[in-house]
Amino acid sequence: MGSRRKVDVSTQEWRWVAFWGGVFVTITFLPYALAMFASNDTWHFLGMLGNPKDGAPYFAKIRQGIQGNWLYDFRYTPETHDSAGLFTFYLLLGHLARLLGFSNFVIFHLARIAASLFMLTAFYQFGATVWQRLRPRRMFFAITTVASGLGWLVLPLVPDNGVFPPDIGIPEAFPLYASFVNPHFPFIIGCLTLMAATLLSVFRPGFSEAPTVDNGGLQLILLSVLISIVQPPAMIGIGAALVVFIFLSSYINHSIPWHEVRWGAMVWLPAFPVAIYYILVFQTSSIVEEFNKQNITPSPNIFFTLMSFGILLFIAFPGIARAVRRFERDGDQLMLLWLIANLIAIYTPYSLQRRFFIGLIIPFSFFAVRAVEDYWSYHIAPRWQRVTMVVALILIFPSHFITLGIPLYGAISDREAGANAGLVAGADYIAVYDWLEEVGQVDEVVLAAPNISLWIPSRTDLRVVYGHPFETVPADTRLKQVEDFYSGRDCTALFNENLKFQIDYVVWGSEERQFAKDIQEDNPNQSHSDCIAQMVTDQELTDDQIRIFGDVTLYTLRELR
């Protein structure tokens, strides 16, 4: 009976990983540090650079965990509803933050750093599992860590729907970008990397042990459960690759490959009950069902994807071609099938297409190292190899600069643009947030401009009328109602008996005025009313119900407590 090859990684190698891991973490943390230090009495950094529209809900989820919630409540939706067992990763971070006495901001970024270091460790562990020599191990680590593409070249071609090339707009596609944006992307990339390392090890020719606690079986079960709970679409690519791998093994050997079936079951079976649970939640909860329908994340066009992965694809192509030609069991088969499965998945008609980009970097980098070792090292003269590497780094640098640097510009230089993007908020709005956190009650509803509403559930226990294109249900209806009110098109849109919620606070400041102005400019021939003045009259608000925070006025529509 064959046994798994022992993976030897020296202390010196781990020191090397620790050093470059520190450099990596510093690169992803430095922009946040600069944004925090740039906060002043006028502008306040809100805590998220990479993608505030998704980042603010992460903070809101952690806040619910801090409150002790084990089920998630969509507080970007104004109606009260039953909570659901979703977004467990961030709820758990909230519970951890409560035990440690940390804020949602602190625990989010500590988790981001920890997940990034875990991912980098997994990269090197994978390299050590596949290659015994030091050079390819380090090469896999380096390529996977810094990989990016040429998406910056095609930015002028981005369509109106704002679907950017993956290296500019899909963080989960590239590890550096993923680590900059949130903790769960690098965590899942690390889990997939360890899963692939284990599978490559147990599918090597000559290995025939059944799964046990000690030889990788338990590890696969745990990884499968974690991936299925935190990022279910990430299981599709590698799971489909395993299915095809087993069918091909059966066809080639003319018998049922029980060894492969047993190990494949360590991946599939733990994920099955989690998948059933999610399906039941989506079918039994109207709010979750509508959220799922709205949660549309399309992939960019194929040309954009090719531009983003073009450099890596060019390097990896000889390795991919060799795998197709020889189709060897020792690694190439499974990794080739995984690559193909993920590429098919990202263009399968499905609402979460872009989520299938996660993990795609792993087989790409695997074949890139194969190609460098077996092809490019012999076809590029030694004196040109270093030059070639420098040119590749220069070509991918602009994409990293855009993803890490442009948001920072909005946070420290062009503050008005940063406020519009949800990166920063004026001191007056921070005062409103703080007052609502202190005085507001759970489930009360706030009406504000979308970019202001975006951060209310992350800083308070209140709901908003509209704050997120996916988590506000129904998003299109609520957004139109907010637009109608602030623009003066319909002052009764949010104040009628047919609504299942009642507004408790209305915010009116510079962001709301700009929001109204933009809508009115888009409809110059339409008459507009002053809904704020009409609301004050209709609601018979007293002076005590109108609070002024510098340039921002907060109207309280409920009885004062």
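Small disclaimer: the values here were computed from a predicted structure and weren't measured.

1. Focus: the layout of surface pockets
And then number 1: Put simply, the second largest pocket is a space of about 1300 Å³.
And then number 2: Taken together, 34 residues make up the lining of the second largest pocket; nearest its centre are Met-139, Ala-142, Ile-143, Met-389 and Leu-393.
And then number 3: Of all the secondary structure elements, the ones that give two or more residues to the lining of the second largest pocket are helix 1 (11–38), helix 5 (134–146), helix 13 (302–326), helix 15 (361–379) and helix 16 (382–412).
And then number 4: With 11 residues, the top contributor of residues to the lining of the second largest pocket is helix 16.
And then number 5: In terms of residue class, the lining of the second largest pocket is made up of 27 nonpolar, 5 polar and 2 charged.

2. So, the pattern of salt bridges
And then number 1: Counted by the stated rule, this structure contains 22 salt bridges.
And then number 2: The salt bridge partner of Arg-478 is Glu-79, with a shortest N-O separation of 2.8 Å. Taken together, the residues Arg-478 in helix 21 (residues 475–487) and Glu-79 in the loop between helix 2 (52–66) and helix 3 (88–100) connect sequence positions 399 residues apart.
And then number 3: Using a relative accessible area of 6% as the deciding quantity, one classes Arg-478 as buried.
And then number 4: Judged by its relative accessible area of 12%, Glu-79 falls in the buried class.
And then number 5: Its salt-bridge partner being Arg-459, residue Asp-434 comes within 3.8 Å of it at the nearest N-O pair. Within this pair, whereas Asp-434 is found in helix 18 (residues 427–439), its partner Arg-459 is found in helix 20 (residues 456–459), the two being separated by 25 residues in sequence.
And then number 6: Owing to a relative accessible area of 19%, Arg-459 belongs among the buried residues under this scheme.
And then number 7: Several salt bridges converge on common partners, so that one network encompasses Arg-322, Arg-326, Glu-328, Asp-332 and Arg-370.

3. Quick word on the side chain of Arg-75
And then number 1: As for its position among the elements, Arg-75 is in the loop between helix 2 and helix 3.
And then number 2: Leave out the neighbours within four places in its chain, and Arg-75 touches Gln-64, Gln-67, Asn-69, Val-442, Pro-457, Asp-461, Leu-462, Arg-463 and Val-464.

4. Structural notes on helix 13
And then number 1: Here helix 13 contains 25 residues, and its C-alpha end-to-end distance of 27 Å is more than 12% below the 36 Å for a straight helix at 1.5 Å per residue.
And then number 2: Residue Asn-301 occupies the N-cap position of helix 13, its side-chain oxygen lying 3.1 Å from the main-chain nitrogen of Phe-303.
And then number 3: Downstream of helix 13 by a residue or two, Phe-327 has a phi angle that is positive, lying close to 50°.

The rules behind these values
Residues numbered from 1 in each chain as written. Predicted model: local features only at pLDDT ≥ 70, side-chain atom pairs only at ≥ 80, totals over all residues. Heavy atoms only, no water. 1 Å grid on protein atoms, 1.4 Å probe; cavity = no way out; pocket = protein on both sides within 12 Å on 5 of 7 lines; lining within 4 Å. Points joined across faces, edges and corners; volume = space filled by probe spheres on them. Helix = DSSP H or I, 4+ residues; strand = E, 2+ residues; numbered from the N terminus. Nonpolar A, V, L, I, M, F, W, Y, C, P; charged D, E, K, R; others polar. Salt bridge = Lys/Arg side-chain N within 4 Å of Asp/Glu carboxyl O. Buried < 20%, exposed > 50% of the residue type's maximum accessible area, 1.4 Å probe, protein only. Contact = heavy atoms within 4.5 Å. Expected span 1.5 Å × (residues − 1). Polar contact = N/O pair within 3.5 Å; in protein donor to acceptor, adjacent residues only side chain to side chain.

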